[in-house]
Amino acid sequence: MAFILLILSLTSSYAQIALDEVIEDSKWYLPIVSTQTSPAIINKNEYIEITAVGDTAWTYGARPSDGSQTPKEATLDQILNDLDPQKNLFVGDLSFVNWESAVGEFCDAIRPTVSFYFLTHPDSVEQAIEHGFNLIGLANNHSQDCDLGRAFKNSSQSLHGPLMSAEALSELKGDFLWHGVGENPMSVKIKEMFVKGRKIKVAFASLSLISWDIPNSSFINFRTDYEQKLESFLDGFNIVADLKILAIHTQDKSGHQKPEDEAYLLMKKIGEKFINKYGGDIVFGQGAHTYGGVKVIEANKKKSVFVTSLGNFIHDGLRANPDNYIAKILLSTDDLKLKQIQILPFFNNAGSEILKFYDGDCSRIDNLKSNFVLRKTSIQDKCHYFSSF
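Because the structure is a prediction, the values reported are computed rather than measured.

About the criteria used
- Residues numbered from 1 in each chain as written.
- Predicted model: local features only at pLDDT ≥ 70, side-chain atom pairs only at ≥ 80, totals over all residues.
- Heavy atoms only, no water.
- Helix = DSSP H or I, 4+ residues; strand = E, 2+ residues; numbered from the N terminus.
- Contact = heavy atoms within 4.5 Å.
- Polar contact = N/O pair within 3.5 Å; in protein donor to acceptor, adjacent residues only side chain to side chain.
- Core = buried A, V, L, I, M, F, W, Y, C linked by side-chain atoms within 4.5 Å.
- Buried < 20%, exposed > 50% of the residue type's maximum accessible area, 1.4 Å probe, protein only.
- Disulfide = S-S within 2.5 Å.
- pLDDT = per-residue confidence, 0-100.
- Pairing = 2+ DSSP bridges.
- Salt bridge = Lys/Arg side-chain N within 4 Å of Asp/Glu carboxyl O.
- Axes fitted to C-alpha atoms, helices over the stretch in contact; angles between N-to-C directions.
- Parallel < 35°, antiparallel > 145°, perpendicular 65-115°, else oblique.
- Left-handed = near helix turned anticlockwise from the far one by under 90°.
- Nonpolar A, V, L, I, M, F, W, Y, C, P; charged D, E, K, R; others polar.
- Phe/Tyr/Trp six-rings, centres within 6.5 Å; stacked < 30°, edge-to-face > 60°.
- Lys NZ or Arg CZ within 6 Å of the ring centre and 35° of its normal.

## Notes on the environment of N221
- Position of N221 among the secondary structure elements: in strand β13 (residues 219-221).
- Counting along the chain gives 13 residues from N221 to S208, while the straight-line C-alpha distance between them is 8.5 Å.
- Other than its neighbours up to four places away in sequence, N221 contacts I210, S211, W212, D213 and Y226.
- For N221, the side chain forms a polar contact with the side chain of D213, separated by 2.9 Å.

Laid out in structure tokens, this is it:
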């Protein structure tokens, strides 16, 4: 509680801090600098905060042989409110989450080839929206865990899993954008969102990089000749928008992706192309189930941010994992220029203590790669990394 309240106070006034120069480095690695300086204290009205968390679901995480066909009770709001009562730690003005499961109230047919299947109740997603998550990516290797299912128990027919999730999301209340499943899953979605007293036109899409096909989802099968499909997808960003945001999920059928495997390397290639050629502003990578580096790319007369892997967030279907973080990107309200990046590492656990921030020893994340100087500080013994621009 104290840590959450302190973060709120840190964002309520302004103090000067030396700006970091973006350093070009072909190896994409600069050591983290230890400092006693706290993150820049800012006036929240002068900045737009974009927050991102990784793989998320509220599910039993059961194997198909003994799995329930109904989702876990929608109690995610209790976890979110307990951990973030002020709604300022996990979420900002725009808040991304990668939803790594099918979404519906009943699964008639579980996909037989999965080792685990993830099914989230629509009310759990709505609780996340109510907490402040308003950019929801649904393109990932678990989009089809339910081969046939019903978004709601009173639905008239069973639908293919990604179509079931699309029906569920389309019925949820709130001001949010979702992408990754549906009848036209590769089409970029655009929405005007009211932030800090102004309208911001957001173009958003999520994409999974996998070694098989998932119909009715946004995917690239990297075992096939995918270039034309990829170009057509990225061409959807050839539009005028204030912010262009792309989420990319990596996975192959060998299991949890390692940071330099084929899909992960392709993710880096696509992300940089999105920024350099299509004027992308932010890329959020997920799927590797561990943290990855953060890169600032100067292109099209602006600085764009590429977060290669966020790790996991609240996902009770996964094993415990110490290597995750929340990413916070601060843009100036008037011209949307990059002003600060913050990294808050945490430990994810599928047990009773589902999320815990590092305290004392921050060394697990000290080898985080970046092409800019990250400063490490400590707020009430909680690890915190930041860089100002």
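## A short note on the nonpolar core
- If you look at the biggest cluster of nonpolar residues, it comprises 43 residues, and the most contacted ones within it are F90, W99, F133, I136, L169 and F313.
- Counting residues per element, this core draws most heavily on helix α4 (residues 161-170), at four residues.
- In terms of nonpolar packing, the next biggest core, distinct from the first, is built from 40 residues, F96, L310, Y325 and I343 among them.

## Remarks on the state of the cysteines
- Tallied over the full model, the rule gives one disulfide.
- Between the sulfur atoms of C107 and its disulfide mate C146 the distance is 2.3 Å. Residues C107 and C146 are joined by a disulfide whose S-S torsion is about 115°; by sign, that bridge is right-handed. Linking C107 in strand β5 (residues 106-110) with C146 in strand β8 (residues 146-150), this pair joins segments that are 39 residues apart in sequence. Across this residue pair, the class does not change: C107 and C146 are buried.

## Here we look at the confidence of the model for the protein
- Per-residue pLDDT for the protein has a mean of 84; in total, 82% of the residues score no lower than 70.
- The model gives residues 1-28 a pLDDT under 50, and that stretch makes 71 contacts with residues more than four places away or in other chains.

## With respect to the sheet that holds strand β9 (residues 159-160)
- With respect to topology, three strands assemble into an open sheet ordered β5-β8-β9, the strand pairing being antiparallel. Each of the sheet's edge strands pairs with one partner strand only, and the pair in question is β5 and β9.
- Where β8 meets β9, two bridges bridge the pair, whose relative direction is antiparallel. Its bridge partner lying in β9, L148 is registered against H160.

## Brief notes about the pattern of salt bridges
- For the coordinates displayed, the defined rule picks out 12 salt bridges.
- Put simply, K269 and E227 hold a salt bridge, and the shortest N to O gap is 3.7 Å. With K269 in helix α6 (residues 262-278) and E227 in helix α5 (residues 227-235), the pair connects residues that are 42 residues apart, well separated along the chain.
- Each member of the salt-bridge network shares a partner with another, and the members are E231, K273 and K277.

## Remarks on the packing of helix α2 (residues 76-83) against helix α3 (residues 122-131)
- One way to put it is that α2 packs onto α3 with a least axis distance of 8 Å and a crossing angle of 25°. The orientation of α2 relative to α3 falls into the category roughly parallel. The hand of the α2/α3 crossing is right-handed. Packed against α2, whose contacting residues are L76, D77, L80 and N81, the element α3 presents S124, Q127, A128 and H131 at the interface.
- Residues of the contact of α2 with α3, tallied by class, amount to three nonpolar, four polar and one charged.

## Details of the packing of aromatic side chains
- What the rule picks out here adds up to 10 aromatic pairs.
- For the pair F96 and F284, a centre-to-centre distance of 5.3 Å together with 15° between the ring planes defines the contact as stacked. Here F284 lies in strand β15 (residues 282-286) and F96 lies in strand β3 (residues 94-99), a separation of 188 residues in the sequence. As far as the burial class goes, F96 and F284 line up, both buried.
- Each member of the aromatic cluster is reached from another via a ring pair, and the members are F90, F133, F313, F346 and F357.
- The ring of W178 carries K189 above its face, with NZ or CZ at 3.2 Å from the centroid.
- It is K229 that lies over the ring of F219; its NZ or CZ is 3.5 Å from the centre.

## Some words on the pairing of strand β19 (residues 321-332)
- In terms of burial, β19 is largely enclosed, as 11 of its 12 residues are buried.
- Here six bridges tie strand β2 (residues 47-57) to β19, and the two strands are oriented antiparallel to one another. Each residue of the ladder has a partner; that of T51, found in β19, is K328.
- Between the end of β19 and the start of strand β20 (residues 338-348), which pair antiparallel, lie five residues, with L336 showing a positive phi angle near 60°.

## Quick look at the side chain of H131
- Relative to the assigned elements, H131 resides in helix α3.
- For H131, a relative accessible area of 4% puts it in the buried group.
- A polar atom in the side chain of H131 sits 3.4 Å from the side chain of N81.
- Each residue touching H131, except ones within four places of it in the same chain, is listed here: L80, N81, D84, K87, F90 and V91.

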